[in-house]
Amino acid sequence: MKFSVRALSTAAAFAVACVVSAAAYYYKSRNAEFNEVMVFCKLQYNAYNYFDKLMSFIEKSKRCVNVCMPGIHNPAIQGKLVSLIQKKQIKVRIVIDRSGYNESTEFFIKELIEAGAEIRYKTGEPSFSMQHKFCLVDDKILLTGTLNWGNDRSFDHWNYVYITNKDQLVSPVKCEFYKIWNNSTDIQCACDNSDCDSVVNGNSDEDSNSLNDKSTINVSSENSSSDLKEKSEE
């Protein structure tokens, strides 16, 4: 009987210890989870302090930074990404819209590629554009919102950035990034294949064909007009 009581007390103590440990782990995991919103506006005195805080999340990257933006030619952000690649060997992957690679962005994009970034552009129907605005840090932290990385005056406009590491929110966006990445065209390959002009100018092969068709129609109509004019003169 004494053995049974001792065994029961030991089992009870073990059960209590497990419950306490589980509660402590749950509490710790909840405290480690964060959700934060940054609001940028022209009248805000600390917009650039917010920018520094935003960049601090990216600078903490240990493995990779995955970006989806319509375009990227913000010198400050581009410089941070180049620094991450060169100093910490962080893998940087960027997907932009086809219109995001043009004469004004070519320098920034080529500098990123030379540093080691992988950049692709989203192709598809000319009437549809890729308007995602998000960044994934180590596939664990999500930065998303209305803030565009397309120019250095983004912080003069009304924008917000939502930052979270909540898995239920990060996972769907992570899946979307890799889906887009696998269905996008590498900018470097496009340029190597002499398609660079069409990408830079924002014209697809379909656009070029339609322009050629229009020019052919115009030429044929001009020829028809000249023929009719000659006949009338005769």
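Residues numbered from 1 in each chain as written. Predicted model: local features only at pLDDT ≥ 70, side-chain atom pairs only at ≥ 80, totals over all residues. Heavy atoms only, no water.

Engineer: Got a minute to help me understand the confidence of the model for the protein in this structure?
Structural biologist: Any region with low pLDDT has predicted coordinates that should not be read closely. For the protein, the mean per-residue pLDDT works out to 74, and 59% of the residues sit at or above 70. Within the model, the stretch residues 228–232 combines pLDDT values under 50 with 0 contacts to residues more than four positions away or in other chains. (pLDDT = per-residue confidence, 0-100. Contact = heavy atoms within 4.5 Å.)

Engineer: What's the story with unusual backbone geometry in this structure? I'm lost.
Structural biologist: For residues other than glycine, phi is negative in most cases, and the peptide bonds are mostly trans. Despite not being glycine, D138 shows a phi value in the positive range, around 55 degrees. By secondary structure assignment, the location of D138 is in the loop between β5 (134–137) and β6 (141–145). (Helix = DSSP H or I, 4+ residues; strand = E, 2+ residues; numbered from the N terminus.)

Engineer: What exactly am I supposed to notice about the packing of helix α3 (residues 75–88) against helix α4 (residues 106–115) here?
Structural biologist: Angle between the axes and distance between the axes are the two parameters that describe a pair of packed helices. For the pair α3 and α4, the least separation of the axes is 9 Å and the interaxial angle reads 10 degrees. Relative to α4, the element α3 lies roughly parallel. Contacts between α3 and α4 involve P75, Q78, L81, V82, I85 and Q86 from the former and F108, E111, L112 and A115 from the latter. Of the residues contributing to the contact of α3 with α4, the split by class is 7 nonpolar, 2 polar and 1 charged. (Axes fitted to C-alpha atoms, helices over the stretch in contact; angles between N-to-C directions. Parallel < 35°, antiparallel > 145°, perpendicular 65-115°, else oblique. Nonpolar A, V, L, I, M, F, W, Y, C, P; charged D, E, K, R; others polar.)

Engineer: Any chance you could explain the pattern of salt bridges here in plain terms?
Structural biologist: As a working rule, side chains carrying opposite charge can pair if their charged atoms are close by. Here the structure, examined in full by the defined rule, presents 4 salt bridges. In this structure, the salt-bridge partner of E118 is K91, at a minimum N-O distance of 2.6 Å. Pair noted here: E118 is in strand β4 (residues 118–122) and K91 is in strand β3 (residues 91–97), with a separation of 27 residues, a long-range link. Residue classification places E118 among the partly exposed residues on the basis of a relative accessible area of 27%. For E106, the salt bridge identified is with K110, shortest N-O distance 3.0 Å. Pair noted here: E106 and K110 are both in helix α4, with a separation of 4 residues, about one helical turn. Exposure remark for E106: the relative accessible area of 21% places this residue in the partly exposed category. (Salt bridge = Lys/Arg side-chain N within 4 Å of Asp/Glu carboxyl O. Buried < 20%, exposed > 50% of the residue type's maximum accessible area, 1.4 Å probe, protein only.)

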